[in-house]
Amino acid sequence: MCGTTLLLFSSLGLFAAEPRVADEREVLLVSAAASLKGALQDLSTQFALENPGARIVLNCAASGLLLRQIEQGAPVDLFLSASTREMDRLQKAGGLLGKSRTTFASNRLVAVYGPGAPTPSSFEDLRNRRFARIAIGNPKTVPAGRYAAETLHALGLWRDLEERLVFGEDVRQVLEYVARGDADAGLVYRTDLELLGGKVRLGPEAPEHTHAPILYQAAVPAGAPHPEGGRRLRSFLLSEAGQRILARHGFLPAPDSTP
Amino acid sequence: MILPAFRLSLVVATLATLIVAILGTWAGWILARQRFRGREILDALLTLPLVLPPTVTGYYLIVLLGRRGLVGEPLFRATGWSVPFTWIACVIAASIMALPMMVRAARVAFEEVDPRHEIAAATLGHGRSSTFFRVVIPLARRGLAAGVVLAFSRALGEFGATLMLAGNIPGRTQTLPLAIFEAVASGEDRTALWLSLLLTSVSVVVVLMVGRLAKWKP
């Protein structure tokens, strides 16, 4: 009798000790533009706290490359791109799930320069030959590079600067070039400064209307293994908590008029 | 995109192969014939680019040749010029990566040359360099030729270290492998296909040449 009671109580103890997790440990693969990495790390931590049993795996790279991966069937649960172009392509090819596409943040293009480099006071300043090498993202594959090219064209600087441009394969690389001193200035997003701490300094912001608004969009790809999880994470990005974390990293909220 | 990359690749690979043919033959000769302490360590060091991930080699090259690099900084201070983002960086990266192939091939080729030929040549009045160029090299030509061909193909296909040191700048440092990478990443499938076929054709020709050389009677 005593033995049975003991057995009963100890098994209850086992049940109590068992952590409360979802039946399946849900691992969500998120492909995100490189510029979101810092914010995503905080967002993932917060999301995991609010959704025990969910774990987020981040795959950060240039949006163009991520798009190609998804087109080739990568099992991505949520795609976060730094522009609408990649999303347009995916949507046109039928690669997005229903109405999951939303804008969740925006950003601004700025010039940065490294320690020991001349200080640009405006984008026009870059015409000066002292800026022997100016790093931007590859306009073919990096949205930040496209915006940079747009701005330079709008300001009439492209022709003068073109031969001095070096392309980075993603934003981090652009910052690396500047921090290393191999490029004298770089054009990146305002939010990217946090990527390299104090090694790179903030210069002037791109004048208004020299580039299309930089919109960050989220969507669940059609082939997502965990579409529900993807949707939940997307909602989290749009929630107050998510938006607060994004703001902390320098992102601006989505403009109201966007789809 | 295709033609500039093709032209640049050919120029870079040819220059790199020339550099490597000379340096590699010299190093192979020293490793084959001289006995000295640390000989195997030298061999290991020269083989390093073959076994290290190209990005690690690229990193070391940046540390050495970047504007703030060990060699790069004095160079920049003196001339206002630096290696990264120039076609010269492509040549350097390709050379470093191709060198081990030449060194190994040359060493083996020279080790297979009977030293008695050199002694015989000396008794016939040849000086050291005359012996080397007119006796040893012809005897070792099969192995040396194979080394050159392998070095060329390695230099042509170089990607990782090139991307890190030279960057991917169309028209200036974008070699064929870099162009393929960009074409794939930007969805230009047709271009990617053509570039890959081009590179494959050149590589097939190279492999065929190596095969022919193996059957060449010295």
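Counting of residues starts from 1 at the beginning of each chain's written sequence and follows it residue by residue. The lettering of chains begins at A and the numbering of ligands begins at 1, in the order of writing. With pLDDT at 70 or above as the cut-off, local features in this predicted model cover only qualifying residues; side-chain atom pairs require 80 or more to be listed or tallied, and sums for whole chains, interfaces and linings still use all residues. Note that the side-chain values use all heavy atoms of the structure and ignore hydrogens as well as water.

A short note on the packing of helix α1 (residues 2–33) of chain B against helix α5 (residues 87–111) of chain B
A pair of packed helices can be characterised by two numbers: the angle between their axes and the separation between those axes.
Residue and element names in this part refer to chain B.
So, step 1. Axis lines are fitted to C-alpha atoms, over the contacting stretch for helices. Their N-to-C directions set the angle, which ranges from 0 to 180 degrees. Helix and strand definitions here come from DSSP, where helices need a minimum of 4 consecutive H or I residues and strands a minimum of 2 consecutive E residues; each element is numbered from the N-terminal end. Packing of α1 against α5 leaves a shortest axis separation of 6 Å and a crossing angle of 35°. Considering only the axes of α1 and α5, their crossing is right-handed.
So, step 2. In this classification, Asp, Glu, Lys and Arg are treated as charged, Ala, Val, Leu, Ile, Met, Phe, Trp, Tyr, Cys and Pro as nonpolar, and every other residue, Gly included, as polar. A class-by-class count of the residues in the contact of α1 with α5 yields 22 nonpolar, four polar and three charged. When the near helix sits turned anticlockwise from the far one by under a right angle, the crossing is termed left-handed; a clockwise turn instead gives a right-handed crossing.

Re the sheet that holds strand β7 (residues 165–168) of chain A
Residue and element names in this part refer to chain A.
So, step 1. At least two bridges found by DSSP between two strands is the condition for calling them paired. Strand order in the open sheet formed by five strands is β7-β6-β8-β5-β9, with mixed pairing between adjacent strands. At either end of the open sheet lies a strand with only one pairing partner, and these are β7 and β9 (201–205). Adjacent strand axes in the sheet meet at a mean angle of 35° when their direction is disregarded.
So, step 2. In this sheet, β9 lies alongside strand β5 (residues 109–113) in antiparallel orientation, the contact comprising three bridges. Each bridged residue has a counterpart across the sheet, and for Val-110 the counterpart in β9 is Glu-205.
So, step 3. Residue contacts are counted whenever heavy atoms from the two residues lie within 4.5 Å of one another. Sheet strands touched by helix α5 (residues 143–154): β5, β6 (134–137), β7 and β8 (185–189). Its angle to β8, the strand with the most contacts, is close to 115°.
So, step 4. Taken strand by strand, helix α7 (residues 171–180) contacts β5, β6, β7 and β8, and its axis lies near 150° from that of β8.

Some thoughts on unusual backbone geometry
So, step 1. Backbone geometry at Phe-85 of chain B places phi at a positive 70°, although glycine is not the residue there.
So, step 2. Considering the arrangement of structural elements, one finds Phe-85 of chain B in the loop between α4 (72–79) and α5.

Quick look at α7 of chain A
Spacing of three or four residues puts side chains on the same side of an α-helix, whose turn is 3.6 residues.
Residue and element names in this part refer to chain A.
So, step 1. Burial classes follow relative accessibility: with a 1.4 Å probe on protein chains only, a residue under 20% of its type's maximum area counts as buried, one over 50% as exposed, and anything between as partly exposed. Burial analysis of α7 places eight of its ten residues in the buried class, the great majority of the element.
So, step 2. Inspection of α7 places Val-171, Gln-173, Val-174, Leu-175, Tyr-177, Val-178, Ala-179 and Arg-180 among the buried residues, and these make up the whole buried set.
So, step 3. At the C-terminal side of α7, Gly-181 shows a positive phi close to 90°.

Here's the deal with the sheet that holds strand β1 (residues 26–33) of chain A
Residue and element names in this part refer to chain A.
So, step 1. Taken together, the five strands give an open sheet; going across it, the order is β2-β1-β3-β10-β4, and neighbouring strands pair in mixed fashion. Here the strands that pair on one side only, and so sit at the sheet edges, are β2 (54–61) and β4 (102–107). Between one strand and the next, the sheet's axes are offset by a mean angle of 20°, whatever the strand orientation.
So, step 2. Along the sheet, helix α2 (residues 37–50) contacts β1, β2 and β3 (78–81); its crossing angle with β2, the most-contacted strand, is approximately 170°.

Considering the pattern of salt bridges
So, step 1. Basic side-chain nitrogens of Lys or Arg form a salt bridge, by our definition, when they fall within 4 Å of a carboxyl oxygen of Asp or Glu. Counted under the stated rule, the structure contains 25 salt bridges over all chains.
So, step 2. A salt bridge links Lys-140 of chain A to Glu-182 of chain B; the nearest nitrogen and oxygen atoms lie 3.3 Å apart. Residue Lys-140 of chain A is located in the loop between β6 and α5, and its partner Glu-182 of chain B is located in helix α9 (residues 176–185); the two belong to separate chains.
So, step 3. For Lys-140 of chain A, a relative accessible area of 36% gives the class partly exposed.
So, step 4. The closest approach of N and O atoms between Arg-107 of chain B and Glu-40 of chain B, which form a salt bridge, is 3.2 Å. Note that Arg-107 of chain B is positioned in helix α5 and Glu-40 of chain B in helix α2 (residues 39–51), a separation of 67 residues in sequence.
So, step 5. Each of Arg-39, Glu-40, Asp-43, Arg-104, Arg-107 and Glu-111 of chain B takes part in one network of salt bridges that share partners.

Observations concerning the interface of chain B and chain A
So, step 1. If you look at the interface, chain B gives 24 residues, while chain A gives 22 residues.
So, step 2. The quantity reported as buried area is the accessible area (1.4 Å probe) lost by two parts once they are put together, taken as the sum for both. Of the roughly 1,900 Å² buried between chain B and chain A, counting both surfaces, carbon and sulfur atoms make up 45%.
So, step 3. Looking only at chain B, the three residues that lose the most surface to chain A are Arg-67, Arg-68 and Phe-85 of chain B, adding up to 34% of its buried area.
So, step 4. Linking chain B with chain A are four salt bridges.
So, step 5. Lys-140 of chain A is the partner of Glu-188 of chain B in a salt bridge, and the nearest nitrogen-oxygen pair spans 3.3 Å.
So, step 6. Polar contact is the term for a pair of N or O atoms within 3.5 Å; when the atoms are in protein, one must be able to donate a hydrogen and the other to accept it, and sequence-neighboring residues count only if both atoms are side-chain atoms. Taken together, the connections running from chain B to chain A amount to 15 residue pairs in polar contact (both at pLDDT 80 or more).
So, step 7. A per-element tally of the side of chain B that touches chain A places α9 of chain B first, with four residues.
So, step 8. When grouped by side-chain class, the residues that make up the side of chain B that touches chain A number eleven nonpolar, seven polar and six charged.

Points about the packing of aromatic side chains
Residues and elements named next belong to chain A.
So, step 1. Two aromatic rings, drawn from Phe, Tyr or Trp (for Trp, its six-membered ring), form a pair once their centres lie within 6.5 Å of each other, and the interplanar angle then sorts them: stacked below 30 degrees, edge-to-face above 60, tilted otherwise. Counted according to the given criterion, the structure contains twelve aromatic pairs over all chains.
So, step 2. Judged by centre distance (5.6 Å) and plane angle (55°), the ring pair of Phe-47 and Phe-236 falls under tilted. Of this pair, Phe-47 sits in helix α2 while Phe-236 sits in helix α8 (residues 227–238), placing them 189 residues apart in sequence. One exposure class covers both Phe-47 and Phe-236, and it is buried.

What about the nonpolar core?
So, step 1. Among the nonpolar cores identified, the biggest contains 68 residues, and Leu-36, Leu-80, Phe-104 and Tyr-216 of chain A are the most heavily contacted of them.
So, step 2. Looking at which element gives the most residues to this core, the answer is α7 of chain A, with six residues.
So, step 3. In contact with Leu-80 of chain A, other than residues within four places in its own chain, are Val-30, Ser-31, Ala-32, Ala-33, Leu-36, Leu-40, Phe-104, Gln-217, Ala-218 and Leu-237 of chain A.
So, step 4. We call a set of buried Ala, Val, Leu, Ile, Met, Phe, Trp, Tyr and Cys residues a nonpolar core when their side-chain atoms join them within 4.5 Å. Counting 51 residues, the second-largest nonpolar core is a separate cluster that includes Leu-8, Leu-61, Val-136 and Leu-176 of chain B.

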